[in-house]
Amino acid sequence: MEKMGVNWGAVPAQSAQTVVVGHFDVHGVCATALAARAFGAREVYTNYPQTSPENLISTLQNLYAAAPGRLQIVIVDIPVDLKNPLAFIRGLEDLAARHEVFFIDHHESSLQYLPQFKNVRTIYVGPSALVMNNFLLSQIQNPREEDRLLSIIGAIGDRDPEIVKQGLFTVELQAISDGMDVLVRQPNGALNIARELIQNPAAALAGARAEGGKIPAAALAQRVGPVAVAQGPLPSGWGPKALEKLAFATGSWYAVGWGVDERTKQPVVRAIIRWDVAAKVPNLPMPGAIARALWPARNIIGHPAAPSVAATSEAEAQQMAAQWAQAIAAAATKSAAPATATLIAESKVGEVLVEILQRLEQVLEEQRKMYAEYLDLKRRQVELLERTGARARAAD
């Protein structure tokens, strides 16, 4: 579903005075590159932690408040700072007194604050990351195949279910997205990869693909129904990602494990549901909901699909991980089972069978169309990845 924010009719112009500022995660750098291509940016900026919602205003003031001439500043994929939304809005409004400021976002948390902007031109295209990326893609006059790939890869970075619903997910594209996640974590990594995506996208995608294998996977201890339980402490700094790789490697819907929180240095228990599975089977329980039911007095941190819970010791963390895995397995099994059975009168059986066959024929026809489109997309992706690898090898 698309929702358009205020001032939807006003979009940034192609201008030599354009600068693009984006979030520093995988989706942010892809959106930054797409926006730069769309609006002819002379400069981009994205970095950790400077382009977080909390730091954005001070960053913009340092970079552009005293810039000579009037700039067109395009901000992408950075939501309103929920910790201090009024200061965030006031800061952008102050900047808009000197420059033309566009705020393009897909986060639903920003939506309620958009009417408070007066001089800032806001464009809300969401809540899907893919929808926002495709809007930026539509603004590029002659999009390259790499631009179309960036739209998908960025949305994969945000674990956008629209990717799965539209049949765009591939393990190869996930590997590229994971590689970008490795790169953006390096010093000035987000800025470097954003610039390379603009200047030499083939080499940037090839480099990201090579980095994808560097995310460590957690080791499997046991399977509990659809849940993979990790062995020992999770790799430092990669808890949720390591669990996700474990879930993909074992074909599990969920993964649970424990490790040490890098910030607090205390034991922490983590769980994830595979984002592609959650998109395909939306009624599956979220790990966060199970955790709140198990430990109502504890602070459950993070997204419901990938939460964490602090433990008092490693022994307790191991016990909690096992308990969580059992509870998730039971709840998932129950939710996946049919809830009711409907009895059909004998006189109606023939009529119902005809209706079922008609619906089945419609479904099969739709599947044939979707499969033909899927094969065409896969063919173009393979061709592009082959060209990307060839260009990268030629550059070497």
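Data block above holds the structure.
Residue positions are given per chain, counted from 1 along the sequence in the order it is written. Selection of residues for local features in this predicted model requires a pLDDT of at least 70, selection of side-chain atom pairs for listing and counting requires 80 or more, and totals for whole chains, interfaces and linings are taken over all residues. With hydrogens and water set aside, each side-chain value is computed from the structure's full complement of heavy atoms.

Things to note about the overall build of the protein chain
Point 1. Within the protein chain one finds 15 helices and 12 strands.
Point 2. A 1.4 Å probe rolled over the protein chains alone gives each residue an accessible area, and that area as a share of the maximum for its type sets the label: buried under 20%, exposed over 50%, partly exposed in between. Going through the 396 residues of the protein chain one by one, you find that 48% of them count as buried.
Point 3. Sequence-distant contacts, at least 24 apart, represent 68% of the contacts inside the protein chain between residues at least 6 apart.
Point 4. The protein chains shown are the only cover counted for residues, whose accessible areas, like all others here, come from Shrake-Rupley with a 1.4 Å probe. A total of about 19200 Å² of accessible surface is found on the protein chain, and carbon and sulfur atoms cover 53% of it. Strands are runs of DSSP state E lasting at least two residues, helices are runs of H or I lasting at least four, and both sets are numbered from the N terminus onward. Should any heavy atoms of two residues lie within 4.5 Å, those residues are considered in contact.

With respect to the side chain of Q174
Point 1. Within the secondary structure layout, Q174 lies in helix 8 (residues 171-184).
Point 2. In protein, a polar contact means a hydrogen-donor-capable atom and an acceptor-capable atom, both N or O and within 3.5 Å, with residues adjacent in sequence counting only if both atoms are side-chain atoms; elsewhere, any N or O pair within 3.5 Å suffices. Polar contacts involving the side chain of Q174 include one to the side chain of E244, which spans 3.3 Å.

Quick look at the pairing of strand 2 (residues 18-22)
Point 1. Among the five residues of strand 2, five are classified as buried, and the element is accordingly described as predominantly covered.
Point 2. The alternating pattern of strand 2 places T18, V20 and G22 on one face and V19 and V21 on the opposite face, and all of these are buried.
Point 3. Bridge count between strand 2 and strand 4 (residues 72-76): five bridges; the pairing is parallel. Bridge pairing in strand 4 links V19 to I73. We treat two strands as partners when DSSP finds at least two bridges between them.

Things to note about the packing of aromatic side chains
Point 1. When two rings of Phe, Tyr or Trp (its six-membered ring) have centres within 6.5 Å they constitute a pair, described as stacked for plane angles under 30 degrees, edge-to-face for angles over 60, and tilted for the intermediate range. Using the criterion set out here, one finds six aromatic pairs in the structure.
Point 2. Centroid distance F169 to F248: 6.2 Å. Interplanar angle 20°. Geometry classified as stacked. With a gap of 79 residues between them, F169 in the loop between helix 7 (161-165) and helix 8 and F248 in helix 11 (residues 239-250) connect regions that are remote in the sequence.
Point 3. Exposure remark for F169: the relative accessible area of 19% places this residue in the buried category.
Point 4. The class for F248 is partly exposed, based on a relative accessible area of 26%.
Point 5. Ring geometry for W295 and W324: centres 5.5 Å apart, planes at 85°, overall edge-to-face.

As for the sheet that holds strand 11 (residues 300-301)
Backbone hydrogen bonds hold the strands of a sheet together, and the pairing may be parallel or antiparallel.
Point 1. Reading across the sheet, the six strands line up as 7-8-9-10-12-11 and stay open at both edges, with mixed pairing between neighbours. Where the open sheet ends on each side, the last strands, each with one partner, are strand 7 (220-224) and strand 11.
Point 2. To get an axis, fit a line to the C-alpha atoms, keeping to the stretch in contact for a helix; angles then go from 0 to 180 degrees between the N-to-C directions. Here helix 11 sits on the sheet in contact with strand 7, strand 8 (227-233), strand 9 (254-260) and strand 10 (267-273), set at roughly 45° to strand 10.

Examining unusual backbone geometry
Leaving glycine out, the prevailing phi sign among residues is negative, and the prevailing peptide bond configuration is trans.
Point 1. Here the residue pair Y48 and P49 is connected by a cis peptide bond, since its omega of 0° sits within 30 degrees of zero.
Point 2. For P49, the position within the fold is in the loop between strand 3 (43-45) and helix 2 (56-64).
Point 3. With an omega dihedral of 10°, the bond running from G126 to P127 counts as a cis peptide bond.
Point 4. Mapping P127 onto the fold places it in the loop between strand 6 (121-126) and helix 5 (129-138).
Point 5. Phi at D77 takes a positive value of approximately 65°, unusual for a residue other than glycine.
Point 6. With phi around 55°, R159 is a residue other than glycine that occupies positive phi space.

Considerations on the packing of helix 6 (residues 145-157) against helix 8
Point 1. Where helix 6 meets helix 8, the axes come as close as 9 Å, and the angle between the chain directions of the two elements is 70°. As judged from the angle between their axes, helix 6 and helix 8 are roughly perpendicular. Crossing geometry of helix 6 relative to helix 8 is assigned as right-handed. From helix 6, L149, L150, I152, I153, I156 and G157 reach across to helix 8, where they touch L173, Q174, I176, S177 and M180. Note on terminology: angles under 35 degrees are roughly parallel, angles over 145 are roughly antiparallel, angles of 65 to 115 are roughly perpendicular, and the others are oblique. Throughout, a crossing is termed right-handed when the near helix is turned clockwise from the far one, and left-handed when it is turned anticlockwise from it by less than a right angle.

Remarks on the pattern of salt bridges
Point 1. Whenever a carboxyl oxygen of Asp or Glu lies within 4 Å of a side-chain nitrogen of Lys or Arg, that contact is scored as a salt bridge. Evaluation of the coordinates by the stated rule reveals 14 salt bridges.
Point 2. A salt bridge links K83 to E54, with the nearest nitrogen and oxygen atoms 3.7 Å apart. Here the residue K83 occupies a position in the loop between strand 4 and helix 3 (85-96), and E54 occupies one in the loop between strand 3 and helix 2, the gap between them amounting to 29 residues.
Point 3. Judged by its relative accessible area of 71%, K83 falls in the exposed class.
Point 4. When its relative accessible area of 41% is taken as the criterion, E54 is described as partly exposed.
Point 5. For E211, the salt bridge identified is with K214, shortest N-O distance 3.1 Å.
Point 6. Taking relative accessible area as the criterion, E211 reaches 14% and is therefore assigned buried.
Point 7. For K214, a relative accessible area of 53% gives the class exposed.

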